[in-house]
Amino acid sequence: MQVKEVSIFDHTGNRIVTDDREISVIAKMEDPKIVILGNVVSDEECENLIQLSKDRMDRSKIGSSRDVSEIRTSSSTFIPEDDVKARVEKRIAQIMNVPVEHGEGLHMLNYKPGQEYKAHYDYFRASSRAAANPRISTLVIYLNDVEEGGETYFPHMNLSVSPQKGMAVYFEYFYNDMELNERTLHGGSPVIEGEKWAATMWVRRKQYK
Ligand SMILES: O=C(O)CCC(=O)C(=O)O
Ligand SMILES: [Fe+2]
């Protein structure tokens, strides 16, 4: 008999009650656990997070050595310390069921039409230095509605999640069965019309900050 792997995401029911907000569980998949969540952040928080990072993204473009990677064509930045960021990160920690110090901090992504994040794993290679404190789970929060494209897709699961303002997708990849981890291959498909703003939280097994 196969023993079921343990998930960190052990919430039951249709709602996750955090200190300051009720998150709704829209859909859930097992092996690997992938959960679609609603009402994760308010419209105002979405706008605040975008505002906080907008200038930084713009600034990063002024630098001449802007990395052009075929894997990730979006622009990105870690958000500076701020009350809204702290509040949202605390809530995320409760949703992801890990101490806030295990999180890497909200990472903002902005995709313009044609920009994408090709299929990848969020976990580190076992041989990498970072693997001493591995990533174990991810939450991608959508901060705006995208007219067309920009889905988060999981090719091995035949699953694609449409970006909707305030919603999020959770997945984890610390399983003993490596095949389950490999199923979390995912990407952000190209934005076709409009633009996409998202915030990612990658979580480590041990304290990170
Ligand atoms: O933009 C997305 O939908 C995916 C983002 C992602 O995979 C990441 O930030 O690691
Ligand atoms: Fe990713």
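Above this text is the structure in question.
This write-up is about the structure you can find in this document. (Residues numbered from 1 in each chain as written. Chains lettered and ligands numbered in written order. Predicted model: local features only at pLDDT ≥ 70, side-chain atom pairs only at ≥ 80, totals over all residues. Heavy atoms only, no water.)

1. Observations concerning the packing of aromatic side chains
Then step 1. Summed over the entire model, instances satisfying the criterion amount to six aromatic pairs.
Then step 2. When the ring of Phe154 is compared with that of Phe171, the centres are 5.2 Å apart and the planes differ by 85°; the resulting orientation is edge-to-face. Of the two residues, Phe154 is situated in strand 9 (residues 152–154) and Phe171 in strand 11 (residues 168–172); the sequence distance between them amounts to 17 residues.
Then step 3. Residue Phe171 is classed as buried on the basis of its relative accessible area, which comes to 0%.
Then step 4. Where Phe171 meets Tyr173, the ring centres are 6.0 Å apart and the plane angle is 50°; that geometry is what we call tilted.
Then step 5. Accessibility expressed as a relative area gives 3% for Tyr173, which makes it buried.
Then step 6. Through a chain of ring-to-ring contacts, the aromatic side chains of Tyr121, Tyr123, Phe154, Phe171 and Tyr173 assemble into a single cluster.
Then step 7. The residue whose ring lies beneath Arg135 is Trp202, and the NZ or CZ to ring-centre distance is 4.1 Å. (Phe/Tyr/Trp six-rings, centres within 6.5 Å; stacked < 30°, edge-to-face > 60°. Helix = DSSP H or I, 4+ residues; strand = E, 2+ residues; numbered from the N terminus. Buried < 20%, exposed > 50% of the residue type's maximum accessible area, 1.4 Å probe, protein only. Lys NZ or Arg CZ within 6 Å of the ring centre and 35° of its normal.)

2. Description of the sheet that holds strand 12 (residues 186–188)
Then step 1. The strand order 6-12-9-10 describes an open sheet built from four strands, whose pairing is antiparallel. Both outer strands of the open sheet, strand 6 (117–120) and strand 10 (159–161), are each paired with one neighbouring strand and no more. Between one strand axis and the next, the sheet turns by 15° as a mean value, whatever way the strands run.
Then step 2. Both strand 6 and strand 12 contribute to a ladder of two bridges, which runs antiparallel. Bridged to Tyr117 within strand 12 is Gly188. (Pairing = 2+ DSSP bridges. Axes fitted to C-alpha atoms, helices over the stretch in contact; angles between N-to-C directions.)

3. Focus on the site of ligand 1
Then step 1. Taken together, Leu109, Tyr111, Tyr117, His120, Asp122, Thr152, His186, Gly188, Lys196, Thr200 and Trp202 are the residues near ligand 1.
Then step 2. Between ligand 1 and Tyr111, the relevant distance is 2.5 Å, taken from an oxygen atom to a side-chain nitrogen or oxygen of the residue.
Then step 3. Residue His186 places a side-chain N or O atom 3.0 Å away from an oxygen atom belonging to ligand 1.
Then step 4. Starting from 290 Å² of accessible surface for ligand 1 in isolation, the protein chains cover 100%.
Then step 5. Secondary structure elements with two or more residues in the shell around ligand 1: strand 5 (107–111), strand 6, strand 12 and strand 14 (196–204).
Then step 6. At three residues, strand 14 tops the list of elements feeding residues into the shell around ligand 1. (Near = heavy atom within 4 Å. Polar contact = N/O pair within 3.5 Å; in protein donor to acceptor, adjacent residues only side chain to side chain. Areas by Shrake-Rupley, 256 points an atom, 1.4 Å probe, with all protein chains shown as cover.)

4. Looking at the coordination of the iron ion (ligand 2)
Then step 1. Donor atoms from the polypeptide that bind the iron ion (ligand 2) are His120 (NE2), Asp122 (OD) and His186 (NE2), placed at 2.1 to 2.2 Å.
Then step 2. Within one chain, the residues serving as donors to the iron ion (ligand 2) are arranged as H-x1-D-x63-H. One end of the pair, His120, is in strand 6; the other, His186, is in strand 12, with 66 residues separating them in the sequence.
Then step 3. His120 sits in the buried class, given a relative accessible area of 11%.
Then step 4. Take His186: its relative accessible area is 4%, and that puts it in the buried class. (Donors = N, O, S within 2.8 Å, 3.2 Å for Na, K, Ca; no water.)

5. A closer look at unusual backbone geometry
Then step 1. Cis geometry marks the peptide bond from Asp31 to Pro32; its omega dihedral reads 0°.
Then step 2. Relative to the helices and strands, Pro32 is located in the loop between strand 2 (22–29) and strand 3 (34–38).
Then step 3. With a phi angle near 55°, Asp31 is a residue other than glycine that sits in the positive phi range.
Then step 4. Here Asp31 lies in the loop between strand 2 and strand 3.
Then step 5. The phi dihedral of Asn158 falls on the positive side, at around 50°, and the residue is not glycine.

6. Some points on the environment of Trp202
Then step 1. Here Trp202 shows up in strand 14.
Then step 2. Trp202 sits 12 residues away from Pro190 along the chain, and the two C-alpha atoms are 21 Å apart.
Then step 3. With residues up to four places along the chain from it excluded, the contact list for Trp202 reads Arg72, Phe78, His102, Gly103, Glu104, His107, Asp122, Arg135, Ser137, Thr138 and Tyr173.
Then step 4. In this structure the side chain of Trp202 is engaged in a polar contact, spanning 3.2 Å, whose partner is the side chain of Asp122. (Contact = heavy atoms within 4.5 Å.)

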